[in-house]
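# Coordinates in review
The primary structure of each chain is shown beneath.
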Amino acid sequence: MRKDKKTFRVVALAAPLVMATMLAAPVSVNAADSIGLYWKAAPTTTAWVNSSGECWQGQDGEKLPPCTDTFVPHAPLVMRLLFELDRYQLNQIRNPEELRKLDDLIKEFQGTPRVEQVSIIGHTDKLGSLPHNQVLSENRAATIKQYMIDRGYPASAIREVKGMAWEGGNDVAADGAVIDLGPLENNPLRRRVVVTELGPEQVQQYSQ
């Protein structure tokens, strides 16, 4: 009888150890399931890619592999905003419907997991003096910056706001091809504001 009690006591003490061993044993799951489970507790100080290809970050500094997804910037948005002559205010744009393109871009950016960093550049043609057009192009770019902020775009994500008078260059298509805008002199195609998503290397330059 004593022996039976002793055996029962040993079994009772061993049961929690057996249970703990079972709980600690690795569980075989497929990669997609493990990623899905880890998503809920992923640390924020390291980057990783979930099963949908989205880049996330974890919380407690656990050493995770960095995101390896290839960065593909959005094509530059070129807005042919017809400001009144020598004007730059929002209510002085003759074709405000052109701003719908920017509204769509903002919504698209707000629907992604990352915060897109952008530059805003205002351009003028060669009608008027260079110093005057430089200020005018800067003011028009600043107007678009404020427009974006008023619609919820984070000001910290707008890394560059500048003007380029006269020698503002040509546009670049989504495939990287250069679009010739024609002569500099009194050319409406050159009066534009361009919003461009910046790549990681460009963002790093602005952070230095």
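Reference entry: report on the structure contained in this document.

Analysis parameters
- Residues numbered from 1 in each chain as written.
- Predicted model: local features only at pLDDT ≥ 70, side-chain atom pairs only at ≥ 80, totals over all residues.
- Heavy atoms only, no water.
- Helix = DSSP H or I, 4+ residues; strand = E, 2+ residues; numbered from the N terminus.
- Buried < 20%, exposed > 50% of the residue type's maximum accessible area, 1.4 Å probe, protein only.
- Contact = heavy atoms within 4.5 Å.
- Core = buried A, V, L, I, M, F, W, Y, C linked by side-chain atoms within 4.5 Å.
- Pairing = 2+ DSSP bridges.
- Axes fitted to C-alpha atoms, helices over the stretch in contact; angles between N-to-C directions.
- Salt bridge = Lys/Arg side-chain N within 4 Å of Asp/Glu carboxyl O.
- Arc of directions from axis to C-beta.

### Section: the side chain of Thr 143
Turning to its location among the elements, Thr 143 is positioned in helix α4 (residues 130-150). Residue class for Thr 143 comes out buried when judged on its relative accessible area of 12%. Dropping the residues within four chain positions of it, Thr 143 is found in contact with Tyr 88, Gln 89 and Leu 90.

### Section: the nonpolar core
Judged by nonpolar contacts, the single largest core of 21 residues is most densely connected at Met 79, Leu 102, Ile 144, Met 148 and Val 195. Those elements that place two or more of their residues in this core are β3 (77-79), α3 (100-110), β4 (118-123), α4 and β8 (192-197). Once residues lying within four places of it in the same chain are set aside, the contact partners of Leu 102 are Leu 77, Met 79, Ile 144, Tyr 147, Met 148 and Val 195.

### Details of the sheet that holds β3
Sheet architecture is open: 4 strands sit in the order β3-β8-β4-β5, paired in mixed fashion. A strand with exactly one partner marks an edge of an open sheet, and here the two such strands are β3 and β5 (158-164). Strand-to-strand twist in this sheet, taken as the mean axis angle between neighbours without regard to direction, amounts to 15°. Two elements, β4 and β5, share 6 bridges in a ladder whose sense is parallel. Across the sheet, Ser 119 pairs through a bridge with Glu 160, a residue of β5.

### Brief notes about the pattern of salt bridges
Scanning the model with the defined rule gives 8 salt bridges in all. Across the pair Arg 80 and Asp 171 runs a salt bridge, and its minimum N-O distance is 2.8 Å. With Arg 80 in the loop between β3 and α3 and Asp 171 in strand β6 (residues 171-172), the pair connects residues that are 91 residues apart, well separated along the chain. What makes Arg 80 partly exposed here is its relative accessible area of 24%. A salt bridge links Arg 114 to Glu 197; the shortest N-O distance between them is 2.8 Å. You can see Arg 114 sitting in the loop between α3 and β4 and its partner Glu 197 sitting in strand β8, a full 83 residues away along the chain.

### Re unusual backbone geometry
Within the chain, Asp 86 stands out as a residue other than glycine whose phi angle is a positive 65°. In this model, Asn 186 sits at a positive phi of 45°, which is unusual for a non-glycine residue. In this fold, Asn 186 is placed in the loop between β7 (178-179) and β8.

### Concerning α3
Residues spaced three or four apart along an α-helix face the same direction, because each turn holds 3.6 residues. Among the residues of α3, those classed as buried are Leu 102, Leu 105, Ile 106 and Phe 109. Buried positions in α3, seen along its axis, are confined to an arc of 100° and lie on one side of it. Exposed and oriented more than 90 degrees from the buried face of α3 are Arg 100, Asp 104 and Lys 107. Those residues of α3 that are buried lie in contact with β3, β4, α4 and β8.

### Here we look at the pairing of β8
The element β8 is extensively covered by neighbouring structure, given that 5 of its 6 residues are classed as buried. Sheet topology note: the β3/β8 ladder contains 3 bridges and is antiparallel. Counterpart to Val 78 in the pairing with β8 is Val 194. In this sheet, β8 lies alongside β4 in antiparallel orientation, the contact comprising 6 bridges. When the bridges of β8 are listed, Val 118 appears paired with Glu 197.

Structural measurements only, silent on function.
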